Amino acid sequence: MLDPRSIIFILSALSLLMAVVLFAMPRSVRERVGGARYWSSAMLMVATASLLYGLRGMIPDFFSLTLANFAGLGSIALICAGGRCFFERPPRHAALLGSVLLANALMFYFFHVEDRLAVRVVIFSSLSAALMAYFGLDVLRHRPRQPDRAQFPYLFTAGSVFIDVAISGLRILNALAMPTQGGDFLAPTPINVLYFSTHSLLAICISVGFILMLNDRLHALLMHQLSHDALTNAYTRRIVVDMATRELAAGARKPASLLLLDIDHFKRVNDERGHQTGDEVLKHVVRVLIGGLRANEPLGRYGGEEFIVLLRGTDLDTALQVGERLRARIAASPYRGGGDADPQAITVSIGVATARPDETLEQWLRRTDTALYDAKRHGRNCVVAG
Ligand SMILES: Nc1nc2c(ncn2[C@@H]2O[C@H](COP(=O)(O)OP(=O)(O)OP(=O)(O)O)[C@@H](O)[C@H]2O)c(=O)[nH]1
């Protein structure tokens, strides 16, 4: 059986490896996904702490105990802060650093003033368990719930964290039951071997969990970028057109309708207020339109200042009502973001068409486009059926 010192050296080497893997992630990932920087630093701290613990008796106590304890608890605080950043909340540096410094001060006292190993173990394991439990609950509470998102990375990480918390709990109970004054924390007792081996394995599982969660977040970001327009955050044209194709393929069981919306005289906005204001107006229009649509009514950017909406299970009369509602919403929501400038009045023209049996997507789109053209010819700011 391996003795605690060997296990600690193995943990140090593996943590260093995990730190390298996390640090080797492209800079763009670390900048874009909160938490990555904290978790790579945490693994470096685990590697440092383990190395210092492993050298106990060979290097001064200040390094193998005081500094090692600081790095050990510091790494857990970094994991916590990383979790908060990953889920887009402030990292709470002050509270985390404060708790680590307080625990270290107490452990310093219980070494230099009163040498009580059991008390040090209780202090270390209590804070470690509390911070890890906090992180585990964060992961469980804030994990993504969308049906297309993976659950495994989050459940695996939280599961490993909670087992680690339970092991710390066992260590606390053991220290309370058998307080051996001034003993050696590297002694090859069954609880030490159990603690150091499971803790090492779990530290690696947790860092694998970081990589899985970062990977899931990156995948979600990439999918979002592929399916959404970069400027307005509406769907891309391809996504809504693909959805419309599937509606057509589903057959004539339920009617489906398309709306094509075009901002009236948008060129004037660019010419009179500049391209940047034009961009802001486009974003504003999308916000107003999305506010007037249900979650199952996707809005896509069809081209420059033209948008498309798919209305599933909606006949022509209802689609015309939706179109009229959107037209009125936009007309009642001038863009007011231009500083001191007067609000920018906006109107849209809308073409509506309901899919006919045996019609191709191209024919359906062409009828909708013709209806939009008619709306423009009829003086704009109106809804026309195709
Ligand atoms: N700011 C900005 N302008 C865009 C963008 N995409 C397209 N445009 C502008 O949208 C304007 C569209 O102008 P036109 O097609 O002439 O149509 P319009 O002025 O809206 O007039 P009608 O459609 O006939 O009412 C052009 O000036 C394009 O440069 C964009 O992403 N940002």
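Refer to the structure printed above.
Position numbers for residues count from 1 along each chain, tracking the sequence in the order it is written. Whole-chain, interface and lining totals are the exception, using all residues; otherwise, since this is a predicted model, local features are given only for residues with pLDDT of at least 70 and side-chain atom pairs are given and counted only at 80 or more. By convention in this description, side-chain values take in all heavy atoms of the structure and omit both hydrogens and water.

Caption draft 1: Here's a closer look at the overall build of the protein chain. Looking only at helices and strands, one finds 13 helices and six strands in the protein chain. The globule rule is 2.2 Å times the number of residues to the power 0.38, and the radius of gyration it is compared with is taken over C-alpha atoms. In terms of overall size, the protein chain is more extended than a compact globule, its C-alpha atoms giving a radius of gyration of 30 Å where 386 residues would be expected to give roughly 21 Å. Principal axes of the C-alpha set define a box for the protein chain whose edges measure 90 × 50 × 30 Å. Note on contacts: a residue pair is in contact if any heavy atoms of the two residues lie within 4.5 Å. Taking the intrachain contacts of the protein chain between residues at least 6 apart in sequence as the baseline, contacts between residues at least 24 apart amount to 73%. Of the roughly 18,900 Å² of accessible surface on the protein chain, a fraction of 61% belongs to carbon and sulfur atoms. Note that His is not counted, nor are the chain ends; the positive residues are Lys and Arg, and the negative ones are Asp and Glu. We put the charge of a Lys on NZ, of an Arg on CZ, of an Asp on CG and of a Glu on CD. If the 40 positive side-chain charges of the protein chain are averaged to one point and the 33 negative ones to another, these points end up 3 Å apart. Each helix corresponds to a stretch of at least 4 residues labelled H or I by DSSP, and each strand to a stretch of at least 2 residues labelled E; elements are numbered beginning at the N terminus. Accessible areas in this description were obtained via Shrake-Rupley with a 1.4 Å probe; residue shielding takes into account the shown protein chains only.

Caption draft 2: Representation of helix α5 (residues 93-112). Spanning 20 residues, α5 covers 28 Å between terminal C-alpha atoms, matching the ideal 28 Å at 1.5 Å per step. Residues of α5 that are buried make contact with α4 (61-86) and α6 (117-142). Given a helix with a known number of residues, its expected span is that number minus one, times 1.5 Å.

Caption draft 3: Looking closely at the layout of surface pockets. Using a grid of 1 Å spacing that covers the protein atoms alone, one calls a set of points a cavity when a 1.4 Å probe fits there but cannot get out, and a pocket when the set is open and has protein on both sides within 12 Å along at least five of seven lines; lining residues are those with an atom within 4 Å of a point. Grid points are joined across faces, edges and corners, and a volume is the space filled by probe spheres set on the points. Taken as a whole, the largest pocket holds about 670 Å³ of empty space. When contributions to the lining of the largest pocket are tallied by element, the ones reaching two or more residues are α4, α8 (190-227) and α9 (237-249).

Caption draft 4: Quick peek at helix α1 (residues 4-23). For α1, built from 20 residues, the straight-helix expectation of 28 Å at 1.5 Å per residue is met to within 8% by its first-to-last C-alpha distance of 28 Å. Each residue is assigned to one of three classes by its accessible area relative to the maximum for its type, calculated with a 1.4 Å probe on protein chains only: buried under 20%, partly exposed between the two thresholds, exposed over 50%. Taken together, the buried positions of α1 are Pro4, Ile7, Ile8, Leu11, Ser12, Ser15, Met18, Ala19 and Leu22. Within α1, the buried residues cover an arc of 145 degrees as seen down the axis, which keeps them to one side. Of the surrounding secondary structure, the elements contacted by the buried residues of α1 are α2 (27-32), α3 (36-54) and α8. In this description, one arc is meant: the one made by directions from the helix axis to the C-beta atoms.

Caption draft 5: Structural detail: empty space enclosed by the protein. Overall, the coordinates contain two cavities of 30 Å³ or more when judged by the stated rule. If you add up the space inside the largest cavity, you get close to 460 Å³. Considering the residues around the largest cavity, the lining is formed by 29 residues, among which Tyr53, Gly72, Phe124, Tyr195 and His199 are closest to the centre. For the lining of the largest cavity, the secondary-structure elements that each account for two or more residues are α1, α3, α4, α6, α7 (152-177) and α8. Polar here means any residue outside two lists: the nonpolar Ala, Val, Leu, Ile, Met, Phe, Trp, Tyr, Cys and Pro, and the charged Asp, Glu, Lys and Arg; Gly therefore counts as polar. Taken together, the residues of the lining of the largest cavity sort by class into 19 nonpolar, seven polar and three charged. Volume-wise, the second largest cavity comes out at about 50 Å³.

Caption draft 6: Expanded view of the packing of aromatic side chains. For Phe, Tyr and Trp, rings pair up if their centres lie within 6.5 Å, where Trp contributes its six-membered ring, and each pair is then called stacked (planes under 30 degrees apart), edge-to-face (over 60) or tilted (otherwise). In total, this model carries 10 aromatic pairs according to the counting rule given. With a centroid separation of 6.5 Å and 40 degrees between ring planes, the pair formed by Phe86 and Tyr154 is classed as tilted. Of the two residues, Phe86 sits in helix α4 while Tyr154 sits in helix α7, which places them 68 residues apart along the sequence. The buried category is assigned to Tyr154, whose relative accessible area is 0%. Ring plane angle 70 degrees and centroid distance 5.1 Å describe the contact between Tyr195 and Phe196, whose orientation is recorded as edge-to-face. According to the relative accessible area criterion, Tyr195 is buried, its value standing at 4%. For Phe196, a relative accessible area of 7% gives the class buried. Taken together, the ring pairs in this structure connect Trp39, Phe86, Phe87, Phe135, Tyr154 and Phe210 into an aromatic cluster. For a ring to carry a charge above it, either NZ of a lysine or CZ of an arginine must fall within 6 Å of the ring centroid while also lying within 35 degrees of the normal to the ring plane. The ring of Phe86 carries the charged tip of Arg217 above its face, separated from the ring centre by 4.0 Å. Lying over the aromatic face of Tyr302, Arg237 brings its terminal NZ or CZ to 3.9 Å of the ring centre.

Caption draft 7: Just the packing of α3 against α4, in detail. Lines are fitted to the C-alpha atoms to define the axes, a helix being fitted only along its stretch in contact, and any angle between axes, read from their N-to-C directions, falls within 0 to 180 degrees. Where α3 meets α4, the axes come as close as 8 Å, and the angle between the chain directions of the two elements is 160 degrees. When the interaxial angle is binned, α3 and α4 end up roughly antiparallel. Of the two elements, α3 crosses α4, and the hand of that crossing is left-handed. In terms of residue class, the contact of α3 with α4 is made up of 17 nonpolar, eight polar and no charged. To sort the angles, those under 35 degrees are grouped as roughly parallel, those over 145 as roughly antiparallel, those from 65 to 115 as roughly perpendicular, and the leftovers as oblique. Handedness of a crossing is defined here by the sense of rotation of the near helix relative to the far one, left-handed for an anticlockwise turn of less than a right angle and right-handed for a clockwise turn.

Caption draft 8: Main features of the nonpolar core. Nonpolar cores are built from buried Ala, Val, Leu, Ile, Met, Phe, Trp, Tyr and Cys residues. Side-chain atoms within 4.5 Å join them into one set. Counting 64 residues, the largest nonpolar core has Trp39, Phe86, Phe135, Phe210, Met213 and Leu214 as the members making the most contacts within it. For this core, the secondary-structure elements that each account for two or more residues are α1, α3, α4, α5, α6, α7 and α8. Not counting the four nearest positions on each side in its chain, Phe86 is found in contact with Val33, Gly34, Gly35, Trp39, Tyr154, Met213, Leu214 and Arg217.

Caption draft 9: Inspection of the pairing of strand β3 (residues 299-303) at higher detail. The buried fraction of β3 amounts to four of the five residues, a majority that puts the element mostly inside the structure. Strand pairing is assigned whenever DSSP identifies at least 2 bridges connecting the two strands. Sheet analysis places strand β1 (residues 235-236) next to β3, joined by two bridges and oriented parallel. Bridging from a neighbouring strand, Thr236 pairs with Arg301 of β3. Bridging between β3 and strand β4 (residues 306-312) involves four bridges; their strand directions are antiparallel. Considered in β4, the bridge of Gly300 is made with Ile308. Here β3 folds back onto β4, and the loop between the two strands holds two residues.

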